[in-house]
Amino acid sequence: MIRMFEITLIAMGKLKEKFYLSACEEYEKRLSGYCKFQILELPECRLPENPSPAEINAGLEKEADLILSRIPKGAWLCVLTPEGKLISSEKLAETVGSIKLSGKSSACFLIGSSFGMAQRIKDKADFQLSMSPMTFPHHLARVMVLEQLYRAEAIQAGSKYHK
């Protein structure tokens with residue numbers, strides 16, 4: 001029996017706005033036709049109103065422990081970070097396709113908290129991806145990542161979705 005490729009999106013913080021929830025649900029539904037997909041929402045560490053760099057770092061380290069405990073064992077890990085590599089949708093599709101061909105059964109994508117993520121998470125990643133040099137709300141970034149994952153799967157399948 002052939003196992004369906006698994007994709008996990010780990011996102012720090014809870015999605016509350018209905019319009020973001022609706023968009024995410026739509027792309028989750030579409031992705032389920034191509035792979036086994038799940039989103040893991042993990043809580044952001046609570047910080048004071050104007051946190052010091054030390055408080056931010058301590059919060060990111062606490063989040064890192066939680067993130068590391070939730071990354072699927074043996075998964076290819078991609079972190080979304082501003083200093084990551086900018087690639088096209090076609091290149092993302094090619095990358096995901098090559099992961100499947102490499103024998104890996106799963107990939108994990110990570111969107112950090114509003115303060116980013118601990119360096120040790122970035123160091124552990126197989127790939128660091130940047131969506132854009134622009135700054136986006138984390139909740140919008142989640143929708144964008146889901147759309148790009150769906151597009152990557154659609155490209156691999158030869159679908160007309162990607163023109």
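Residues numbered from 1 in each chain as written. Predicted model: local features only at pLDDT ≥ 70, side-chain atom pairs only at ≥ 80, totals over all residues. Heavy atoms only, no water.

Q: Would you explain the confidence of the model for the chain in this entry?
A: For residues with low pLDDT, the predicted coordinates do not support detailed interpretation. Mean pLDDT for the chain: 94, with 98% of residues reaching 70 or above. Per-residue pLDDT, averaged within each element of the chain, yields its smallest value for helix 5 (residues 138-157) (95) and its largest for strand 5 (residues 127-129) (98). (pLDDT = per-residue confidence, 0-100. Helix = DSSP H or I, 4+ residues; strand = E, 2+ residues; numbered from the N terminus.)

Q: Before we go on, may I ask you to explain the nonpolar core in this structure?
A: One finds Phe37 and Phe109 to be the most contacted residues of the largest nonpolar core, which totals 28 residues. Each residue touching Phe109, except ones within four places of it in the same chain, is listed here: Ile7, Thr8, Leu9, Ile10, Trp76, Cys78, Leu80, Leu92, Val96 and Leu149. Among the nonpolar cores identified, the runner-up in size contains 18 residues, and Leu60, Cys108, Ala118 and Ala125 belong to it. (Core = buried A, V, L, I, M, F, W, Y, C linked by side-chain atoms within 4.5 Å. Buried < 20%, exposed > 50% of the residue type's maximum accessible area, 1.4 Å probe, protein only. Contact = heavy atoms within 4.5 Å.)

Q: Can you walk me through the pattern of salt bridges in this structure?
A: Side chains bearing opposite charge may pair, as long as their charged atoms lie close to each other. Per the stated rule, a full pass over the model turns up ten salt bridges. Put simply, Glu26 and Arg30 hold a salt bridge, and the shortest N to O gap is 2.9 Å. Here Glu26 pairs with Arg30, and both are found in helix 1 (residues 18-31), just four residues apart, close to one helical turn. Judged by relative accessible area, which is 30%, Glu26 ranks as partly exposed. Assessed through its relative accessible area of 31%, Arg30 is described here as partly exposed. (Salt bridge = Lys/Arg side-chain N within 4 Å of Asp/Glu carboxyl O.)

Q: Before we go on, may I ask you to explain the sheet that holds strand 1 (residues 6-12) in this structure?
A: Note on sheets: strands pair through backbone hydrogen bonds, and any given pair is parallel or antiparallel. Strand order in this open sheet of five strands is 2-1-4-3-5, and the pairing throughout is parallel. Both edges of this open sheet fall to strand 2 (36-42) and strand 5, since each of them pairs with a single strand only. Looking at each pair of strands side by side, their axes are set apart by 25 degrees on average, direction ignored. Inspection of the sheet shows strand 1 paired to strand 4 (residues 106-111) by six bridges, in the parallel sense. The residue of strand 4 that forms the bridge with Thr8 is Cys108. Seen against the sheet, helix 5 touches strand 1, strand 2, strand 3 (76-85) and strand 4 and runs at an angle of roughly 170 degrees to strand 1. (Pairing = 2+ DSSP bridges. Axes fitted to C-alpha atoms, helices over the stretch in contact; angles between N-to-C directions.)

Q: Where do I start with the packing of helix 3 (residues 89-101) against helix 5 in this structure?
A: Pairs of packed helices are described in terms of their axes, by the angle between the two and the distance that separates them. Relative to each other, helix 3 and helix 5 sit at 70 degrees, their axes nearing to 8 Å. Here helix 5 runs roughly perpendicular to helix 3, going by the angle between their axes. Residues Ser89, Glu90, Leu92, Ala93, Val96, Gly97 and Lys100 of helix 3 lie in contact with helix 5, whose contacting residues are Gln148, Arg151, Ala152, Glu153, Ile155 and Gln156. Its residues assigned to classes, the contact of helix 3 with helix 5 comprises five nonpolar, four polar and four charged. (Parallel < 35°, antiparallel > 145°, perpendicular 65-115°, else oblique. Nonpolar A, V, L, I, M, F, W, Y, C, P; charged D, E, K, R; others polar.)

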